Amino acid sequence: MRLDRIRRLAPIAMVAAVVATVLSLVSAATTREGVALSIAFDLAIACVTTLSLPDLKSSHPVVSRAALTLLALDVAIFITFFLNSSTNFNLATGAAMSIVLLGLSFLTGASGQISLGNGAFMGVGAFAMAIWSNHHATTPIFLTLLIAVACGALVGLLLGLPATRLRGPYLAGMTLAFAVAFTFILSSFSSWTGGDSGLQLPTEATAPRWLDGFFHAGTSPLTTTTLYITDFSIIVAGVAFFFMANLFASRTGRAMRLIRDNDVAAELVGISLPRARVAAFIVSSAYAALGGALLTLINNSVSPQTYSFALSVTILSLIVIGGIGTISGAVIGGIIYAFSTNVISWITTQTGLNPQGNFASQLNGIIFGGLLILTMLFAPLGIAGALRHLWSRIRSRT
Amino acid sequence: MDPFLTSRIVTDVLGGLTNGVIYGMVALSLVLIWRSTGVLNFAQGAMPMFATYVGFALLSYHFGYWPCVLACIIAGLLIGGLTERLLVRRLYGKPEINPIVVMVGFLIVLEAVAAAIWSSFPRSLPSPFSSIDWQLAGKPIALSPFTVYEIATGLLVMTAVAVLFRFTKLGLQLRASAVAPEVSRLLGVRVGRLLTLGWMLSTVVGVITTVLVSSNFFTGLTPQVMDGIFAFGFIAAAIGGLESPVGAIVAGILLGVVNQFVTDLVNQNAVIIIALALLIVSLMIRPSGVFTKRTERRV
């Protein structure tokens, strides 16, 4: 049966791939563009074919997740080539934010705890990235990102060790205190962190030369650079999501979910509660640091005002609205973050509010805070949960 | 040789006492709500802030300081009661993170609405007493009429809460409905009403704190006025043990004094860092708080 299906699928996929390759090579203006197009189409076809194999999800879950990630990355990167640079910039920040959201979603989904300080952990990563690149400008980007992640994990360990052992709202309160303290910490070490003005990266992450070939002659280097940074962020986010999806489904992830649902049962089957809780918190801080480091790379600079308590609260709102404890919720939250500024300024112009007025400048807080309360009261799993519910109703009807 | 009252140590202790009383009151109001409803109220700074703005709106109708304070307290009673009835009541028995998230949302909404109505610029309130330190032989002793007013009001509020809980029938009912809601209900205590009353009470403690903080000439009233103070209040409550009102007050006052020494000997920025470090160390050594007995959890 299974072999049958594969035998039937293979020729279709082959034909589709050949057609796609020929079409893109013929229709593209330059050979380089044609090759890129055909790679994009063929990769998508390969991923779709792999995903449509029967029982793949149960027999080879990792392969299935890898194919899904590749497909999503392929489509996303393909789309970014057709967007203007301000939209791409928004998407890049959204991708960085979705990594942070994923970490928080994991913390809550896996251990039932919550952090109100992920903005500060983001700041740890962002400043670690900037400080390291200012001292060692030649370190490759990937290595610097990993160093930032390690810094985030270390601070997470320091704060998480005492707080995660306790029942009750200690972790939430402690991370809140950390978020409030973070700007003071930054100005205490102003010789490193640059004080109020923050830090600039020594070298801008510019697009490699080969990317120029995909644009019409005369396209500004800014567009190319934005595109490069956007795609880089999307790829990093893809890798982060792939790891997290595996972690959610792994033995550790299942153990953590048991802790959330019934900690006594978890202890009885031999799970060490403190260790698992601290581990979940460290993962969430490390992911926040990765998102922050990426944001430094995108903005080419870092400013202490960004990492205030308000950012931590925004992060919480985004993941709750997107769907806390879910992976798709982090994607939804990231997309909301990417376009929220545009949407809110659109609302301001549509309603005729004075953009410099008190009300318009507070609209962000009113909308996000209100949605936070309403979501938690009426749909605790957010948009992701609502969609899942809708989907299961549609499926049960047919 | 300095005279005793103007020596550095005494000055720091007296200065710290003023802040400590404020932290102690915030910690107390957090503990009151945590004990009775199992909710750590992250809007415990924002709700009183809003009430204070509402009360002092009367200033533009030429009311004096004290009528405005009374209006603040009435607004606080209303906000506390309505919050419990309309918002918090839906959250009892839900997973631990639900009340946290909702109260954080409430905090954002209150701060944003306050800034939308009254703008986020600091608003100076009339101070009933002078904030200029008394002098002794040409040197200031860290006490002014205003700080005495702060400390005295703080101690008065704390004593009033203690008397209410320990010596009145209402206090007994409040304690009973916090410890054993089911049994209290069977014995005829109207637990629901008492929970609302508990929230009103703790909001009023918060309102008095906020009025004290923001009538200080140097701070003024802003929508974020309580954010930092809330953080210190939580640190104090956690060090003292979230279950213990006495612990919260003592830890709050000590934290204020420690902070003053840190400000004096290191700098202003180090204050919250040291406080955070204290919290980490104290949770490592005595997770359940310095002032509470260890309790085993039953399944």
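Structural data are supplied above this passage.
Draft legend 1. How the structure looks around the overall build of chain A. Across its full length, chain A holds 18 helices and 2 strands. The C-alpha atoms of chain A give 23 Å as radius of gyration, which agrees with the globular expectation for 398 residues (21 Å, within 12%). Counting only C-alpha atoms, chain A reaches 60 × 55 × 50 Å along its principal axes. Buried positions account for 42% of the 398 residues belonging to chain A. Put simply, 75% of the contacts in chain A that link residues at least 6 apart link residues at least 24 apart.

Draft legend 2. Quick peek at the overall build of chain B. Per the secondary structure count, chain B includes 11 helices and 2 strands. Listed by position from the N terminus, the elements making up chain B come as α-α-α-α-β-β-α-α-α-α-α-α-α. For chain B, whose C-alpha radius of gyration is 20 Å, the value lies close to the compact-globule estimate of 19 Å for 299 residues. Its C-alpha atoms put chain B at 65 × 50 × 35 Å along the principal axes. With 299 residues in all, chain B has 48% of them scored as buried.

Draft legend 3. Structural context of the interface of chain A and chain B. Of the residues lining the interface, 41 residues belong to chain A; the matching set on chain B comes to 38 residues. Of the residues forming the side of chain A that touches chain B, the biggest block, 13 residues, is contributed by helix H8 (residues 170-188) of chain A.

Draft legend 4. Examining the environment of Ala237 of chain B more closely. All names here are of chain B. Relative to the helices and strands, Ala237 resides in helix H9 (residues 227-240). Distance from Ala237 to Leu28, taken between C-alpha atoms, is 7.3 Å for residues 209 residues apart in sequence. Leaving out residues up to four positions away in the same chain, Ala237 has contacts with Ala27, Leu30, Val31, Leu242 and Ala248.

Draft legend 5. Structural view of the packing of helix H1 (residues 8-37) of chain B against helix H8 (residues 191-214) of chain B. All names here are of chain B. Contact geometry for H1 and H8: axes closest at 9 Å, N-to-C directions at 170°. Looking at the two axes, H1 sits roughly antiparallel to H8. Contacts between H1 and H8 involve Ile22, Met25, Val26, Leu28, Ser29, Leu32, Ile33, Ser36 and Thr37 from the former and Leu195, Gly198, Trp199, Leu201, Ser202, Val205, Gly206, Thr209, Leu212 and Val213 from the latter. Considering only residue class, the contact of H1 with H8 consists of 12 nonpolar, 7 polar and no charged.

Draft legend 6. Seen up close, helix H2 (residues 46-56) of chain B. Among the 11 residues that make up H2 of chain B, 11 are buried, leaving the element largely enclosed by the rest of the structure. On the buried face of H2 of chain B, the contacting elements are helix H3 (65-86), helix H4 (97-118) and H8 of chain B.

Draft legend 7. Highlighting unusual backbone geometry. For Asn300 of chain A, which is not glycine, the phi dihedral falls at a positive 65°. Within the secondary structure, Asn300 of chain A sits in the loop between helix H14 (273-299) and strand S2 (301-302). When the 15 C-beta atoms within 10 Å are taken as the criterion, Asn300 of chain A is described as partly exposed. Phi is positive for Ser119 of chain B, which is not a glycine, with a value near 65°. Its location among the elements puts Ser119 of chain B in the loop between H4 and strand S1 (135-136).

Conventions adopted
Residues numbered from 1 in each chain as written. Chains lettered and ligands numbered in written order. Predicted model: local features only at pLDDT ≥ 70, side-chain atom pairs only at ≥ 80, totals over all residues. Helix = DSSP H or I, 4+ residues; strand = E, 2+ residues; numbered from the N terminus. Rg over C-alpha atoms; globule rule 2.2 N^0.38 Å. Buried ≥ 20, exposed ≤ 12 C-beta atoms within 10 Å, placed from the backbone. Contact = placed C-beta atoms within 7 Å. Axes fitted to C-alpha atoms, helices over the stretch in contact; angles between N-to-C directions. Parallel < 35°, antiparallel > 145°, perpendicular 65-115°, else oblique. Nonpolar A, V, L, I, M, F, W, Y, C, P; charged D, E, K, R; others polar.

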